[in-house]
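# Breakdown of the fold
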Amino acid sequence: MGKSRQGLPVDGILLLDKPEGLSSNQALQQAKRLLNARKAGHTGSLDPVATGLLLLCFGETTKISSLFLGADKSYRVGIRLGTTTDTGDCTGEVVAEAPVQVSKSRLAEVLDSYRGQSLQVPPMYSALKKDGRPLYKLARKGITVEREPRPVTVYSLEQEEYSGTLLTLSVRCSRGFYIRTLAEDIGRDLGCGGHVEHLRRTGIGDFSINQAVTLEHLESIPTPRDRGTVLLPTDRGLAHLPELSLPESLARYLKLGRSVRAAAGLDPGLVRLYVDSGGFLGLGEVTQDQRVQPKRLFGSC
């Protein structure tokens, strides 16, 4: 058996502008290689046909990667009206075509119907699993299975352009919302069909595509250690959580797995923990009786 590749103890968050044609895992593996990192993971996949923001976690940050899965997402999507494909995007086979005769008022009415809370049926071409098998693998074999509708929220949906048969929208939505389903549903409601022609993720939670770097930019930096300077510190991904600073004496108890009484005035739930002397300690959880329990602490602290 060959010797396993160790790599560098790289920690932090990489905001990557994923190119078209790569799966999320392929993009992750390329970034991991360029950083020569020991451990890495992504926080939610992005289809190969899509581009844009992919949030990658390295080293100790992978301990909290699950927290990013529930973040709101923002997209810019181009919907080609008049053509329906079997995949819901431009990679599929055309299964139906229809003339596009849509008035401005009807389009506005349809778009408004998707704002707010609703139930959405996930598409067959998705990474969701049925009996351990991804739905898209079943779909490629022509198999369709029942999918339960799931509650989703569209926080904003704005028309950017509408020219000919191409409708461009900006969307901010909750976890679990499928843009390809939105494209198909809008096309159905307009009576002409539709599919995703191009898709770009522009935001995840508080992070923007404007903060992201490309694989080409990473590769242009001379060494893996220098490339590591583009990573954001772990706690930047937790800015939405309350902050709590502790004296070193209490921090030591938390590191031993014990709870401490130091959360006066904080609501129960997760908090970012810092040591008064400086440094991010990790995640704690405030209990109903105003104690703090260690949740995810970091080895470098």
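Quantities reported herein were computed from a predicted structural model and do not represent experimental measurements.

## Observations regarding the overall build of the chain
Helix and strand counts for the chain come out as eight helices and 18 strands. Along the first, second and third principal axes, the C-alpha atoms of the chain reach 70 × 50 × 40 Å. When the 301 residues of the chain are sorted by exposure, 45% land in the buried category. Across the chain, contacts joining residues at least 24 apart in sequence account for 67% of those joining residues at least 6 apart. As presented, the chain carries roughly 15,500 Å² of accessible surface, and 47% of it is formed by carbon and sulfur atoms. When the 39 positive and 33 negative side-chain charges of the chain are each reduced to one mean point, those points stand 8 Å apart.

## Some details on the packing of aromatic side chains
Evaluation of the coordinates by the stated rule reveals two aromatic pairs. Considering the side-chain rings of F280 and F298, the 5.4 Å spacing of their centres and the 40° angle between planes classify their relative orientation as tilted. Residue F280 is found in strand 17 (residues 280-286), and its partner F298 is found in the segment after strand 18 (291-297); the two are separated by 18 residues along the sequence. For the pair shown, F280 and F298 are each scored as buried. Each member of the aromatic cluster is reached from another via a ring pair, and the members are Y274, F280 and F298. Positioned above the aromatic ring of F298 is the side chain of K63, whose terminal nitrogen or guanidinium carbon lies 5.6 Å from the ring centre.

## Concerning the sheet that holds strand 16 (residues 269-275)
Here five strands make up an open sheet; going across it, the order is 14-16-17-18-15 and the pairing mixed. Both edges of this open sheet fall to strand 14 (243-246) and strand 15 (260-261), since each of them pairs with a single strand only. Relative to strand 17, strand 16 runs antiparallel, the two being bridged by six bridges. Bridging across to strand 17, V271 finds its partner in G284. Across the sheet, helix 8 (residues 248-255) touches strand 14, strand 15, strand 16, strand 17 and strand 18, and the angle it forms with strand 18 is around 60°.

## Quick word on the nonpolar core
Counting 45 residues, the largest nonpolar core has L14, F58, L169, V171 and I186 as its most contacted members. With residues up to four places along the chain from it excluded, the contact list for F58 reads V10, D11, G12, L14, A31, K32, L35, A37, K39, A40 and L231. With 19 residues, the next largest nonpolar core counts L53, A71, F207 and L241 among its residues.

Conventions we followed
- Residues numbered from 1 in each chain as written.
- Predicted model: local features only at pLDDT ≥ 70, side-chain atom pairs only at ≥ 80, totals over all residues.
- Heavy atoms only, no water.
- Helix = DSSP H or I, 4+ residues; strand = E, 2+ residues; numbered from the N terminus.
- Buried < 20%, exposed > 50% of the residue type's maximum accessible area, 1.4 Å probe, protein only.
- Contact = heavy atoms within 4.5 Å.
- Areas by Shrake-Rupley, 256 points an atom, 1.4 Å probe, with all protein chains shown as cover.
- Lys, Arg positive; Asp, Glu negative; His and termini not counted.
- Charge placed at Lys NZ, Arg CZ, Asp CG, Glu CD.
- Phe/Tyr/Trp six-rings, centres within 6.5 Å; stacked < 30°, edge-to-face > 60°.
- Lys NZ or Arg CZ within 6 Å of the ring centre and 35° of its normal.
- Pairing = 2+ DSSP bridges.
- Axes fitted to C-alpha atoms, helices over the stretch in contact; angles between N-to-C directions.
- Core = buried A, V, L, I, M, F, W, Y, C linked by side-chain atoms within 4.5 Å.

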